[in-house]
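Structural characterization, general
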Amino acid sequence: MTHPTTAPEDQPSTSPNYHYMGLPGARAMLTNASAETYANLVTTLNADAGKGAIMCIHGGVGLGKTFAVNSHLDDLAPHTTLRIKVGSAKIQALRAALYKKLDLPGEAPLNSTRCEAILKETLSDTPRVLVVDEAQWLDTRAFEFIRELWDDENTRLAVVLVGAETCYQKIKNRPALDSRILVWQRYKPLTPAEVLAVIPQYHPMWSDVPADDLLWIDDLACHGNFRQWAKITYLLNEAALNPHPSGSVAPTRPDRPGAGPAYSRDLVRAVLSRIDPTQRHTG
């Protein structure tokens, strides 16, 4: 299952742009992993008669985990999702971030008992979805705090933990939390078949590029990593608007206004040298 969820022209102008660097013209792609995430979110949000469950999505960086979760929750729970990106492993930072996301008055109380009581009371008012991104950085007490919030008999909280590959083992080392996770999902790089199905639809730049060239780029630089594809697409798109050091501008496609520069392997090599100048890109 690999097709765009919505075309860019169909997206409301107020919807967040979750694409890497706000890439113009990029489309949200429903890959196999993203479709699985949608199904897992539905299960998690509807569990226990709507109280919600806990799920964990983990995998390497740049594979589209956070993009998929954010995009799907804009559809499934647009007004009740609380998104926290972990900047500190400490529970104090997590409590303060959640207090702020709930739009509670003033600063989070320094007294931990008082603060947690306010948070639990607020989370009992209406069903919420708590998304914790970069969850691999949380320490033991912070993980336990999330478990306690969900465990409370009065809260109505679904929890989505999103983290790097190491997040899996960190949670497995905490049996109390591990035993409460209903759904696990591991993200993996796109397969060559998925690259050929997804990338031509991801951005107009790739729509007419031969399959052999797409596989060449993936083998040379991307290795099934969506963020790496996004970087290359962004820089190729930029090449249409900015002169090269030689003073020339990459030729554009007159038949596709806004589609970016005309594709060539030389142009790709030039972009790859900007991403990693220590590598010699041949082929």
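Residues numbered from 1 in each chain as written. Predicted model: local features only at pLDDT ≥ 70, side-chain atom pairs only at ≥ 80, totals over all residues. Heavy atoms only, no water.

1. Quick word on the environment of cysteine 56
This is how it is decided: Segments assigned H or I by DSSP are reported as helices when at least four residues long, segments assigned E as strands when at least two residues long, and all are numbered from the N terminus. A simple rule labels every residue: compare its accessible area, found with a 1.4 Å probe on the protein chains alone, to the largest value its type can have, and call it buried under 20%, exposed over 50%, or partly exposed in between. Note on contacts: a residue pair is in contact if any heavy atoms of the two residues lie within 4.5 Å.
Along the polypeptide, cysteine 56 turns up in strand S3 (residues 54-59). Accessibility expressed as a relative area gives 0% for cysteine 56, which makes it buried. Separated by 105 residues in the primary sequence, cysteine 56 and leucine 161 have C-alpha atoms spaced 4.6 Å apart. Contact partners of cysteine 56, with chain neighbours within four places excluded, come to Leu161, Cys167, Ile171, Ile181, Val183, Trp184 and Gln185.

2. Describing the packing of aromatic side chains
Spelled out, the test is: Any pair of Phe, Tyr and Trp rings, taking the six-membered ring for Trp, is counted once the centres come within 6.5 Å. Such a pair is stacked with planes under 30 degrees apart, edge-to-face with planes over 60 apart, and tilted for the rest.
Tallied over the entire structure, the rule returns five aromatic pairs. Between the aromatic rings of tyrosine 18 and phenylalanine 67, the centroid separation amounts to 6.3 Å while the plane-to-plane angle is 80 degrees, which identifies the pairing as edge-to-face. One end of the pair, tyrosine 18, is in the loop between strand S1 (3-6) and strand S2 (28-30); the other, phenylalanine 67, is in helix H2 (residues 65-76), with 49 residues separating them in the sequence. Taking relative accessible area as the criterion, tyrosine 18 reaches 26% and is therefore assigned partly exposed.

3. Some thoughts on the confidence of the model for the protein chain
Put simply, the rule is: For every residue, the pLDDT score states the predictor's confidence, bounded by 0 at the bottom and 100 at the top.
Residues at a pLDDT of 70 or more form 86% of the protein chain, whose mean pLDDT is 87. Of the regions scoring below 50 in pLDDT, residues 1-14 engages in 28 contacts with residues more than four places distant in sequence or in other chains. Here residues 246-255 is modelled with pLDDT under 50, and outside its nearest four sequence neighbours on either side it reaches 18 contacts, counting other chains as well.

4. Quick look at the sheet that holds strand S4 (residues 81-85)
So the rule is basically this: For two strands to pair, DSSP has to find at least two bridges joining them. Think of each axis as a best-fit line through the C-alpha atoms, taken over the contacting stretch in the case of a helix, with angles from 0 to 180 degrees between the N-to-C directions.
Spatial ordering of the open sheet is given by S4-S5-S6-S3-S7, a layout of five strands whose pairing is parallel. Strand pairing shows two members of the sheet lacking a second neighbour, S4 and strand S7 (181-187), which therefore form its edges. Averaged over neighbouring strand pairs, the angle between their axes works out to 15 degrees when direction is ignored. Pairing analysis gives five bridges linking S3 to strand S6 (residues 157-163), with the strands arranged parallel. Bridge pairing links histidine 58 to glycine 163 in S6. Packed on one face of the sheet, helix H1 (residues 32-46) meets S3, strand S5 (128-133), S6 and S7 and runs near 170 degrees to S7. Sheet strands in contact with helix H6 (residues 165-172) are S3, S6 and S7, and its direction is about 135 degrees off that of S3.

5. Remarks on the layout of surface pockets
Note the following rule: A cavity here means a set of 1 Å grid points, computed over protein atoms only, where a 1.4 Å probe fits but cannot escape. A pocket is an open set with protein on both sides within 12 Å along at least 5 of 7 lines, and lining residues have an atom within 4 Å of a point. Grid points are joined across faces, edges and corners, and a volume is the space filled by probe spheres set on the points. In this classification, the charged set is Asp, Glu, Lys and Arg, the nonpolar set is Ala, Val, Leu, Ile, Met, Phe, Trp, Tyr, Cys and Pro, and all remaining amino acids, among them Gly, are polar.
The space that makes up the largest pocket amounts to roughly 930 Å³. What lines the largest pocket is a set of 42 residues, and nearest its centre among them are Gly64, Lys65, Thr66, Phe67 and Arg227. A total of five residues in the lining of the largest pocket trace back to one element, the largest contributor, which is H2. Looking at the lining of the largest pocket residue by residue, the classes come out as 19 nonpolar, twelve polar and eleven charged.

6. Comments concerning the state of the cysteines
In protein structure, a disulfide is the covalent linkage between the sulfur atoms of two cysteines. Cut-off, in case you're wondering: Cysteine sulfur atoms are paired as a disulfide whenever they come within 2.5 Å of each other.
The tally for this structure, following the rule as stated, stands at zero disulfides. Just so you know, cysteine 56 is unpaired, no disulfide at all, and the nearest cysteine sulfur is the one on cysteine 167, 4.1 Å from it.

7. Observations concerning the pairing of S6
Most of S6 is tucked away, with seven of its seven residues classed as buried. Here S6 shows two buried faces, one formed by Leu157, Val159, Leu161 and Gly163 and the other by Ala158, Val160 and Val162. For S5 and S6, the ladder comprises six bridges, and the chain directions are parallel. Bridge pairing in S6 places valine 132 opposite leucine 161.

8. Brief notes about the pattern of salt bridges
Put simply, the rule is: A carboxyl oxygen of Asp or Glu within 4 Å of a side-chain nitrogen of Lys or Arg is what we treat as a salt bridge.
For the structure shown, the criterion picks out twelve salt bridges. When the shortest N-O distance is used, the salt bridge between aspartate 151 and arginine 180 registers 2.9 Å. Of the two residues, aspartate 151 sits in helix H5 (residues 140-151) while arginine 180 sits in the loop between helix H7 (175-178) and S7, which places them 29 residues apart along the sequence. Here aspartate 151 falls in the partly exposed class, since its relative accessible area comes to 32%. For arginine 265, the salt bridge goes to aspartate 213, with nearest N and O atoms at 2.9 Å. Highlighted residues: arginine 265 in helix H11 (residues 265-275) and aspartate 213 in helix H9 (residues 211-222), separated in sequence by 52 residues. Accessibility expressed as a relative area gives 27% for arginine 265, which makes it partly exposed. With relative accessibility at 12%, the residue aspartate 213 sits in the buried group.

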